Amino acid sequence: MIQYFKNVWSGLSSTFLGMYITFKHLFVKKVTIQYPDQRFTLPDNARNRLKLEMERCNGCNSCVVACPVNCITLETVRVSPEDPHQEVHHNGNPRKMWVTRYEIDFAKCCYCGLCTQACPSDAIKHTQEYEYSSYKREDLYYKFQTLSPEQVAEKHRMYAELKAKDKPAKADGATEEKKAKPEEKKEKEQ
């Protein structure tokens, strides 16, 4: 019989406690936001989608080396002195490398931020955007190239021509050095 009254008291007390909490929160400011229409403001150091500023990228490959999951692909080609479209970096220095391919696979990315810390020119940064889910894996593969395929082919061709011109010059310089060395030995012996 005593157990019966304990159970009734426990049921009533838990009901009154629940109603007390409900009435207490009924008249305070709501903390729930209506998500698609309203969004929380994210902190400045939030690590979300990566963004690359191609005009700042110098093609140094440090972000690729720093990435622990190998989700960044970078290809570069040296700038030829005969290139009519030579660009200048944001800091005023002439561009030494053309970035012909820069791709990030966000399906692999773990958003660790190591690539942003390794970049000497602050070209790659985290953004505030976090809503980019997709049904297809291919949609998470982002390409940041600014050069068209024709321009990339032209840059490779110009650099190959530059290397072809430099090979005979180096070969001529090497033969002149070989000729000069025996003459120097004779002069030293005398």
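Let us look at the structure shown here. (Residues numbered from 1 in each chain as written. Predicted model: local features only at pLDDT ≥ 70, side-chain atom pairs only at ≥ 80, totals over all residues. Heavy atoms only, no water.)

**Topic: the overall build of the protein chain**
Of regular secondary structure, the protein chain possesses four helices and five strands. The order of α-helices and β-strands along the protein chain, N terminus first, is α-β-α-β-β-α-β-β-α. Long-range contacts, defined as pairs at least 24 residues apart, comprise 76% of the intrachain contacts of the protein chain with a sequence gap of at least 6. Accessible surface, the protein chain as shown: approximately 14500 Å² in total, 55% of it carbon and sulfur. (Helix = DSSP H or I, 4+ residues; strand = E, 2+ residues; numbered from the N terminus. Contact = heavy atoms within 4.5 Å. Areas by Shrake-Rupley, 256 points an atom, 1.4 Å probe, with all protein chains shown as cover.)

**Here we look at the state of the cysteines**
One pass over the structure, following the stated rule, counts zero disulfides. This cysteine, C110, is not joined by any disulfide, and C112 carries the nearest cysteine sulfur, 4.0 Å off. Looking at C115, it has no disulfide partner, and the nearest cysteine sulfur is the one in C112, 6.2 Å off. (Disulfide = S-S within 2.5 Å.)

**Re the layout of surface pockets**
Unoccupied space between atoms shows up once a probe the size of one water molecule is rolled over them. Within this model, the largest pocket holds a volume of roughly 160 Å³. R56, N58, H89, H90, N91, N93, P94, K96, M97 and S121 together form the lining of the largest pocket. Taken together, the residues of the lining of the largest pocket break down into two nonpolar, six polar and two charged. (1 Å grid on protein atoms, 1.4 Å probe; cavity = no way out; pocket = protein on both sides within 12 Å on 5 of 7 lines; lining within 4 Å. Points joined across faces, edges and corners; volume = space filled by probe spheres on them. Nonpolar A, V, L, I, M, F, W, Y, C, P; charged D, E, K, R; others polar.)

**Concerning unusual backbone geometry**
Positioned with a positive phi, Y111 is a non-glycine residue whose angle comes to about 55°. Within the secondary structure, Y111 sits in the loop between β3 (97-105) and α3 (114-118). Of note in this structure, D122 is not a glycine but carries a positive phi near 55°. Owing to a relative accessible area of 40%, D122 belongs among the partly exposed residues under this scheme. (Buried < 20%, exposed > 50% of the residue type's maximum accessible area, 1.4 Å probe, protein only.)

**Considering the pairing of β3**
By the criterion of burial, β3 is predominantly enclosed, with eight of the nine residues buried. Note that strand β2 (residues 72-78) and β3 share seven bridges and pair antiparallel. When the sheet's bridge partners are listed, T73 is paired in β3 with E103. As paired strands, β3 and strand β5 (residues 141-143) are joined by three bridges and run antiparallel to one another. Its bridge partner lying in β5, E103 is registered against K143. (Pairing = 2+ DSSP bridges.)

**Comments concerning the side chain of S121**
With respect to the helices, strands and loops of the structure, S121 is situated in the loop between α3 and β4 (124-126). Excluding its chain neighbours within four sequence positions, the residues that come into contact with S121 are R56, C57, N58 and H90.

**Let's talk about the packing of aromatic side chains**
Each aromatic ring pair is summarised here by two numbers: the centre-to-centre distance and the angle between the ring planes. Summed over all chains, the structure comprises five aromatic pairs. When the ring of Y102 is compared with that of F144, the centres are 6.2 Å apart and the planes differ by 75°; the resulting orientation is edge-to-face. Residue Y102 is located in strand β3, and its partner F144 is located in the loop between β5 and α4 (149-189); the two are separated by 42 residues in the primary sequence. For Y102, a relative accessible area of 1% corresponds to the buried category. On the basis of relative accessibility, which here comes to 16%, the residue F144 falls in the buried class. Counting every residue linked through ring pairs, the aromatic cluster contains F106, Y111, Y132 and Y142. Lying across the ring of Y35, R39 places its NZ or CZ 5.7 Å from the centre. (Phe/Tyr/Trp six-rings, centres within 6.5 Å; stacked < 30°, edge-to-face > 60°. Lys NZ or Arg CZ within 6 Å of the ring centre and 35° of its normal.)

**Here's the deal with the sheet that holds β2**
The antiparallel open sheet is built from three strands, whose spatial order is β2-β3-β5. If you trace the sheet from one side to the other, it starts and ends with β2 and β5, each paired once. In this sheet, neighbouring strand axes are inclined to one another by 15° on average, regardless of whether the strands run parallel or antiparallel. (Axes fitted to C-alpha atoms, helices over the stretch in contact; angles between N-to-C directions.)

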